[in-house]
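Now for the letters of each chain:
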Amino acid sequence: MNKLKAFEEIIGYKFSDKELLRTAITHSSYANENRGKHFLFNERLEFLGDSVLSLIVSNYLFENYKSLPEGDLTKARATIVCERSLWECAVNIEMGNYIILGKGEELTGGRTRVSILADAYEALIAAIYLDGGIDVVREWLLGQLYDTILNAVKGKTFMDYKTALQEKIQAHGAVNIRYEVVEESGPDHNKTFLVHVLVNEQVKGVGEGRSKKSAEQMAAQDAFLKLGANGGK
């Protein structure tokens, strides 16, 4: 139960029905290895969470981007609800540390597997929906997806700017690259982070996001584009 409480602190939502949360983070591999104990696992919640996610995102895009035609709305939604996006959300809330896995899945790297984390995140959406209702899960989810929605509407697809920046800079020789959080604001469940990326201790880019990882990517993107403008120097 202490582990569930710790996870609730991270996600910023306290469940009335703790079993919903436990089920959401329980992978089928654990239930299969403990058949006699009849543990519930998250596949049914994942099914429901997929629909809740699609409805909330579709409605938000429809209401807030009235100038976008159907085709652009469809493309934006597909980017927002894709496996990569959900995996990033799961990583941001450290979900891999809390998933309940079978021993076999644990040994083969299940805690970092994209599909397992993305599916568990959908299950978590369903659990919050069942526990708190549509208004509660809408507010929680839109906060989680804030950066993703903005990028999707602008037509941006996922790019690992941290890797791209490192490759671009190191092509000119050995350098030291590090990311520094310079400011945190907002409540624990909906923080905004301001990050600097430093190259040889000089600030080369600034980024802001709802998670440290997102802010680091934005800072790396800022630096990458600036370096491109001046020939990579």
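Our structure's up above, just so we're on the same page.
Read on for an overview of the structure. (Residues numbered from 1 in each chain as written. Predicted model: local features only at pLDDT ≥ 70, side-chain atom pairs only at ≥ 80, totals over all residues. Heavy atoms only, no water.)

## Quick notes on the nonpolar core
Then, number 1: If you look at the biggest cluster of nonpolar residues, it comprises 46 residues, and the most contacted ones within it are F7, F15, M95, Y121 and L124.
Then, number 2: Sorting the residues of this core by element identifies α1 (2-11), α2 (18-24), α4 (43-64), α5 (70-80), α6 (83-92), α8 (114-132), α9 (134-144) and α10 (146-153) as the ones contributing at least two each.
Then, number 3: Residue contributions to this core peak at 11 residues, all from α8.
Then, number 4: The contacts of F7, once residues within four sequence positions are left out, are L21, I25, I93, M95, Y98 and L124. (Core = buried A, V, L, I, M, F, W, Y, C linked by side-chain atoms within 4.5 Å. Buried < 20%, exposed > 50% of the residue type's maximum accessible area, 1.4 Å probe, protein only. Helix = DSSP H or I, 4+ residues; strand = E, 2+ residues; numbered from the N terminus. Contact = heavy atoms within 4.5 Å.)

## Some remarks on the environment of A223
Then, number 1: With respect to the helices and strands, A223 occurs in helix α12 (residues 212-229).
Then, number 2: Residue A223 is classed as buried on the basis of its relative accessible area, which comes to 0%.
Then, number 3: Each C-alpha atom, one on A223 and one on V203, is 8.7 Å from the other, the two residues being 20 residues apart in sequence.
Then, number 4: Residue contacts for A223: discarding those within four places in its chain leaves L165, V197, K204 and G205.

## Here we look at the packing of α6 against α8
Then, number 1: Contact geometry for α6 and α8: axes closest at 8 Å, N-to-C directions at 80°. Considered as vectors, α6 and α8 are oriented roughly perpendicular to each other. Facing E83, L86, W87, C89, A90 and V91 of α6, the residues of α8 in contact are V114, S115, L117, A118, Y121 and E122. (Axes fitted to C-alpha atoms, helices over the stretch in contact; angles between N-to-C directions. Parallel < 35°, antiparallel > 145°, perpendicular 65-115°, else oblique.)

## Here's the deal with the environment of G143
Then, number 1: One can find G143 in helix α9.
Then, number 2: With a relative accessible area of 18%, G143 lands in the buried category.
Then, number 3: Separated by 67 residues in sequence, G143 and R210 place their C-alpha atoms 8.0 Å apart.

## Describing the sheet that holds strand β2 (residues 192-199)
Then, number 1: With antiparallel pairing, the 3 strands of this open sheet are ordered in space as β1-β2-β3. Edge strands, defined here as strands with exactly one partner in the open sheet, are β1 (177-185) and β3 (202-209). With direction set aside, neighbouring strand axes in the sheet form an average angle of 20°.
Then, number 2: Sheet topology places β2 next to β3; 7 bridges connect them, and they run antiparallel. Within β3, the position partnered with F193 by the bridge is G209.
Then, number 3: Here helix α11 (residues 161-170) sits on the sheet in contact with β1 and β2, set at roughly 140° to β1. (Pairing = 2+ DSSP bridges.)

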